[in-house]
There are 2 protein chains.
Amino acid sequence: MLLLRRCRRLTAGLSPAQAQRARPAGSPAPSWCGVGGGSRSSSGGGEDGQTAQDPRWRPALAGLLVGTGAVLAYGLHHHKAERPLAPMEPAPPVFSQAEVSKHGSLEAGVWVTFRGGVYDITEFVAMHPGGDKILLAAGGALEPFWALYAVHSQDHVLDILSEYKVGELDPEDQARQRAVEPSDPYSGDPQRHPVLRVNSAKPFNAEPPPELLGDSYITPSAIFFKRNHLPVPRVDPASYRLRVEGLPRPLSLSLADLKSRFPKHTVTATLQCAGNRRSEMNAVKQVKGLNWGIAAISNATWSGALLRDVLREGGWGPEAAGGGARHVQFEGLDADASGTTYGASIPLNKALSEEGDVLLAYQMNGEDLPADHGYPLRVVVPGTVGARNVKWLGKVIVSREESASHWQQNDYKGFSPGTDWDTVDFKSAPAIQELPVQSAITQPADGAVLERDADGEVTVRGYAWSGGGREVVRVDVSLDGGKTWQVARLREGEEQGEEQGEAPPPPPLPGRAWAWKLWEVVAPLPPGEQQVEIVCKAVDNSYNMQPDSVAPIWNLRGVLSNAWHRVRVTVRED
Amino acid sequence: MLLLRRCRRLTAGLSPAQAQRARPAGSPAPSWCGVGGGSRSSSGGGEDGQTAQDPRWRPALAGLLVGTGAVLAYGLHHHKAERPLAPMEPAPPVFSQAEVSKHGSLEAGVWVTFRGGVYDITEFVAMHPGGDKILLAAGGALEPFWALYAVHSQDHVLDILSEYKVGELDPEDQARQRAVEPSDPYSGDPQRHPVLRVNSAKPFNAEPPPELLGDSYITPSAIFFKRNHLPVPRVDPASYRLRVEGLPRPLSLSLADLKSRFPKHTVTATLQCAGNRRSEMNAVKQVKGLNWGIAAISNATWSGALLRDVLREGGWGPEAAGGGARHVQFEGLDADASGTTYGASIPLNKALSEEGDVLLAYQMNGEDLPADHGYPLRVVVPGTVGARNVKWLGKVIVSREESASHWQQNDYKGFSPGTDWDTVDFKSAPAIQELPVQSAITQPADGAVLERDADGEVTVRGYAWSGGGREVVRVDVSLDGGKTWQVARLREGEEQGEEQGEAPPPPPLPGRAWAWKLWEVVAPLPPGEQQVEIVCKAVDNSYNMQPDSVAPIWNLRGVLSNAWHRVRVTVRED
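Enquirer: Provide a residue-level description of helix H8 (residues 155-162) of chain B, including the pertinent values.
Expert: Among the eight residues that make up H8 of chain B, seven are buried, leaving the element largely enclosed by the rest of the structure. Among the residues of H8 of chain B, His 156, Val 157, Leu 158, Asp 159, Ile 160, Leu 161 and Ser 162 of chain B are the ones counted as buried.

Listed below in structure tokens is the structure:
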């Protein structure tokens, strides 16, 4: 390993652990051979595929670099990095910021600064897991970008960077840089409920405890799962304007416009992250992404203007249909250091359909949207993967093409279990829109210990939902690992609402079953068994069913995890 | 068994086989103790669940009695039939037709005649697998009904009938009855291609050999699977009228009206029977229905008027929407002896949607509809189960309610594997409309013997399709029973057409992928293996996948059989 050879002279006589202890964690690198953790890298990669040092693992990290990003050429890294050793020098060269700034393109070379070091990363650009977004930092400092994506703050990332060090930044320029360094971009994020299970703090991603989730048909906003890709933007509602483009009459709409010029439409819709239940895929084989449990799904009531009405206000009509527009793009106001915003798109026919119910929502569960859910305005695309329900909505664009954003093009797509990061072609798969049929057991919890009491029964509860407005029509539950099945009672109507003192939900219109169903089975525990595997599977009104097992639907991003849900419990005799 | 006791005096001294031989097959019963086959019944039912004598098997037969019918109370039969023996009489009483006719209701008793015998079936009505349709024959002859449903012509059905014999019909009335007895109602059925694999001759149900099916993107009409519920009606195109009801302006449209007053719309759409691949469910546990292989699915180009346009011509509009109509019913001109026609319905929103593409089709593959496919007019409901694509269309009714027909209410629905004929409640499940994602291997055939040649490769081909206009985006193929997977090449565009010299199909519009995709994999045979299990599974653009195995989706009617398709081949070394 190049780094090992470069740094050997510094760590000679120290064990790797000693070398590590010799330098305070997180402090600048003690020499120009690396920025930190170099000696740990020298221990080499194992073959277990799990350690940070394992080159095969690095793509898994890298997938997070742009929040959720893809790794296209990363496997090349170690091969290409084997360049000849730099000449031995007593001290690193010093460069001014002006010199660094000249290296701001692939043609002129790509230099960046980090913690006082100067790095020529030209060769690395093609290997950057987050794509050429890295060029945004060319000729300048990495810190603002890495502040956004906390995953960079790991030793092995610093290891990689260290290989490209070419010198030090002039101390005066270092001082100037520190003076303008941004504060933590996440410092404006709102307070969250402590009951949430946090998968990532920055950006904030968290899910509620399953037993809470399954208790209420309408998920309280505070525990509704949070899936942010970037810092929560602070938006001034008074000056806020939604821009609508790609129509005969471009629009700029204030919140008051949205509330007064269009009928208020209310929809109860379940949102689910594409990565819900990813942890079950991780159990088969490591994937990239946040390790969601079964609760990256929640159900709320949303109110706002119909996107369809707004598009028609902008002049959309049959005559405009000739223009070849096929998509509606959404841009969030959440942005990275370069100003690149979160973005996504949906098919235009979904947006225009009388039965699509796509909302520009300003209320969630009867109140202004909370900051984490897109205040002051978000898109709600019922039946469609969470990622298209863009929050902090800044712009709507009717267009011929899908959104060019990373999240539309190179993320949130499904692949065959045989596809790996060496062979994946993101262009070969469609962006996830409608999600497949899903269900999970929220009670009892996996690993629970149940007492077998007099009646010897167990209450099993859960949720079930399907994308595209397809109504869940049946949930089958097994108490013997899937050999025999009984039909769960769908906790519909009054019952779903009454626990919360809410009005019962109306029956869904055909093709517009946007909300989940909660279900319940009270069944005798298998006599004599101490280990019981409880399984559920749902059926929607297209009679699509969940696949039996995880391995055959495993995919490298760990999305679309909708195999039968299995919970193993121990039964203790009374 | 009652019959055994009644008939013992006649068969005494004969073995069951001798008793059978003593009477020519199909001849009238030799005594009033039974109408035929009585002695065979006396051998009693086995326990293998497969023989005709097995009482447990009878519901499986009975399911066919109305073409596809349900068995609700059939299990009661044997219990209730244990009534006291009739007194021994030297000769049966003789009844006139006038007397028989008086027993035409449950109140007056239900009598029927068959082959000169008179039967009091009052007690049996509640047990009739085909429901109270049996009352249509009350006071009259069974022959016209049984001629429609050839499944009645089996010894065990005659056994059941024999238990209810009360006497003989007056010989003069027998002669009169024979004079007016209808000819075979299927005598008007068209000639069919001999390559078809016939599952039922009357009504005609047949599928093409899979290897032929997989060879052409557009299935030639002659080998397109045939699924008839009743005799093919002969319709005079000159006097034909389509009646459209339930609208502000009822319509009566001639063929010329349909062709001239509405734009001609052409759609390439795959139709699939709900029972396609039922044989795989039978392999798990016996179900009711025709034993379809993998070819009860085909793809054709259909042309006609849009149902939407016709409904609008009848005055359908936003103002009519307030009337509460939710369904569009279709009535065929194919009828049973009582005049009851085939019927089905679809949701109104599918019929009205600009993107629904529901056709009143008068052409198939560029020619007039063939007789077996609904000449002169049928409904084509793209993305929806074959059963709703009503042929020989006589009437369209916009209504609040679904079709009341047997096939909408008590058939073509899916149930949990734990639901049996004792517990099934047909009201608890929605009528099948959109079908789930499906795929199958058309080449090689199951059980094929392959020669391992120099390149050691095998070509695997098949079809893939999903309901609701959801486009198939990927087919995974495994050559090791599902452990590892590779992605099949979808034979799209030019290639699909060129084999037939056809124009390539255009890419589907979003949400309107009505046609299947053919696919192919050329892959190395696993080295050294002599038994290879080839598996396929498809994914649609809602990322629904096929379930892994059959048992967990097994249902008592054997519909919706869409588990991974598996083909086992033997590889012979060269």
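Enquirer: Summarise the environment of Leu 435 of chain B; cite the residues concerned and give the values.
Expert: Position of Leu 435 of chain B relative to the elements: it lies in the loop between helix H15 (406-409) and strand S19 (438-443). On the basis of relative accessible area, Leu 435 of chain B is assigned to the buried category, the value being 2%. Spatially, the C-alpha atoms of Leu 435 of chain B and Cys 273 of chain B are 9.4 Å apart, while their sequence positions differ by 162 residues. Apart from residues no more than four positions distant in its own chain, Leu 435 of chain B is found in contact with Ser 542 of chain A together with Gln 272, Gly 383, Val 385, Trp 465, Ser 466, Gly 467, Arg 470 and Leu 560 of chain B.

Enquirer: Just give me the short version of the interface of chain A and chain B, but keep the residues and values in it.
Expert: On the side of chain B, 38 residues touch chain A, which itself brings 38 residues to the contact. Summed over both sides, the interface of chain A with chain B buries roughly 3,100 Å², with 51% coming from carbon and sulfur. Contact with chain B buries area across many residues of chain A, yet Tyr 543, Asn 544 and Met 545 of chain A alone supply 20% of it, more than any other trio. There are zero salt bridges connecting chain A and chain B. Summed over the shared surface of chain A and chain B, the number is 21 residue pairs in polar contact (both at pLDDT 80 or more). Top element by residues in the side of chain A that touches chain B is strand S22 (residues 472-478) of chain A. It accounts for three residues. Here the side of chain A that touches chain B is built from residues that sort into 19 nonpolar, ten polar and nine charged.

Enquirer: Give me the relation of the copies chain A and chain B: which residues, what numbers.
Expert: Of the two same-sequence chains, chain A is brought onto chain B (RMSD 0.2 Å, axial shift 0.1 Å) by a rotation of 179°. Classification of the inter-copy transformation places it as that of a two-fold axis. If distances are taken from each C-alpha of chain A to the rotation axis, the shortest is found for Pro 547 of chain A, at 2.1 Å. The residues that chain A uses at the interface reappear at the interface of chain B in 100% of cases, marking a shared surface.

Enquirer: Could you give an account of the sheet that holds strand S8 (residues 226-227) of chain A, naming the residues involved and the relevant values?
Expert: All names here are of chain A. Here three strands make up an open sheet; going across it, the order is S6-S7-S8 and the pairing antiparallel. For this open sheet the edge positions go to strand S6 (197-200) and S8, each flanked by a neighbour on one side alone. Across three bridges, the pairing between S6 and strand S7 (residues 205-207) is antiparallel. The residue of S7 that forms the bridge with Ser 200 is Asn 205.

Enquirer: Outline the side chain of Glu 143 of chain B, listing residues and values.
Expert: By secondary structure assignment, the location of Glu 143 of chain B is in helix H7 (residues 143-148). Of the polar contacts made by the side chain of Glu 143 of chain B, one reaches the backbone nitrogen of Arg 115 of chain B; its length is 2.7 Å.

Enquirer: Tell me about the sheet that holds strand S24 (residues 489-490) of chain A, and please be specific about residues and values.
Expert: Residues and elements named next belong to chain A. If you walk across this open sheet you meet the four strands as S19-S21-S25-S24, and the pairing is antiparallel. Where the open sheet ends on each side, the last strands, each with one partner, are strand S19 (438-443) and S24. Where S24 lies against strand S25 (residues 517-524), two bridges are found, and the strand directions are antiparallel. Following the sheet pairing, Arg 489 is matched in S25 by Glu 520.

Enquirer: Which residues make up the pattern of salt bridges, and what are the values?
Expert: By the definition in use, this model includes 50 salt bridges over all chains. A salt bridge links Glu 533 of chain A to Arg 566 of chain A, with the shortest nitrogen-to-oxygen separation between them at 3.4 Å. Of this pair, Glu 533 of chain A sits in strand S26 (residues 531-540) while Arg 566 of chain A is found in strand S27 (residues 565-573), placing the two residues 33 residues apart along the sequence. Looking at Glu 533 of chain A, the relative accessible area reads 21%, which means it is partly exposed. Residue Arg 566 of chain A is classed as partly exposed on the basis of its relative accessible area, which comes to 24%. For the salt bridge of Arg 261 of chain B with Asp 257 of chain B, the shortest nitrogen-to-oxygen distance reads 3.9 Å. A residue is classified by how much of its surface remains accessible, and Arg 261 of chain B, at 41% relative accessible area, is partly exposed. Each of the salt bridges in this network shares a partner with another, and the network as a whole consists of Asp 215, Arg 461, Arg 489 and Glu 520 of chain A.

Enquirer: Now, about the packing of aromatic side chains: what can you tell me, with residues and values included?
Expert: What the rule picks out here adds up to 20 aromatic pairs over all chains. Both rings, one in Phe 224 of chain B and one in Trp 302 of chain B, keep their centres 5.7 Å apart while their planes meet at 85°; by these two values the pair is edge-to-face. Separated by 78 residues along the polypeptide, Phe 224 of chain B in the loop between helix H10 (210-213) and strand S8 (226-227) and Trp 302 of chain B in strand S12 (residues 297-306) bring together distant segments of the chain. Owing to a relative accessible area of 1%, Phe 224 of chain B belongs among the buried residues under this scheme. Between Phe 225 of chain B and Trp 292 of chain B, the ring centres sit 6.2 Å apart and the planes meet at 85°, which makes this aromatic pair edge-to-face. Of the two residues, Phe 225 of chain B sits in the loop between H10 and S8 while Trp 292 of chain B sits in the loop between helix H12 (278-284) and S12, which places them 67 residues apart along the sequence. The two residues Phe 225 of chain B and Trp 292 of chain B agree in class, both being buried. Among the aromatic residues, those joined into a cluster by ring pairs are Phe 224, Phe 225, Trp 292 and Trp 302 of chain A. The ring of Phe 204 of chain A carries the charged tip of Arg 192 of chain A above its face, separated from the ring centre by 3.8 Å.

Definitions and cut-offs
Residue positions within a chain follow its written sequence, with the count starting from 1. Chains and ligands are labelled sequentially in the order written, the chains with letters from A and the ligands with numbers from 1. It should be noted that, the model being predicted, local features are given only for residues of pLDDT at least 70 and side-chain atom pairs only at 80 or more, the latter also being counted only at that level, while totals for whole chains, interfaces and linings use all residues. Side-chain descriptors were evaluated using all non-hydrogen atoms of the structure, hydrogens and water having been removed beforehand. Only protein chains enter the calculation, and the probe is 1.4 Å; a residue is then buried if its accessible area is under 20% of its type maximum, exposed if over 50%, and partly exposed in between. Labels follow the DSSP assignment, with helices taken as runs of H or I lasting at least four residues and strands as runs of E lasting at least two, numbered in each case from the N terminus. Here, residues are in contact when the closest pair of their heavy atoms is within 4.5 Å. Buried area is understood as the total, over both parts, of accessible area removed when two parts are fitted together, assessed with a 1.4 Å probe. Any Lys or Arg side-chain nitrogen located within 4 Å of an Asp or Glu carboxyl oxygen qualifies as a salt bridge. Whenever a nitrogen or oxygen atom comes within 3.5 Å of another N or O atom, the pair is scored as a polar contact, on the condition that within protein one atom can donate a hydrogen and the other can accept it, and that pairs from neighbouring residues in sequence are kept only if both atoms are in side chains. In this classification, the charged set is Asp, Glu, Lys and Arg, the nonpolar set is Ala, Val, Leu, Ile, Met, Phe, Trp, Tyr, Cys and Pro, and all remaining amino acids, among them Gly, are polar. Copy-to-copy superposition: least squares on the C-alpha atoms, limited to residues that have pLDDT of at least 70 in both copies. Note on pairing: two strands pair once DSSP finds at least 2 bridges between them. Two rings from Phe, Tyr or Trp (for Trp, the six-membered ring) form a pair when their centres are within 6.5 Å of each other. A pair whose planes differ by under 30 degrees is stacked, one over 60 is edge-to-face, and the rest are tilted. Criterion for a charge above a ring: Arg CZ or Lys NZ at most 6 Å from the ring centre, at most 35 degrees from the ring normal.

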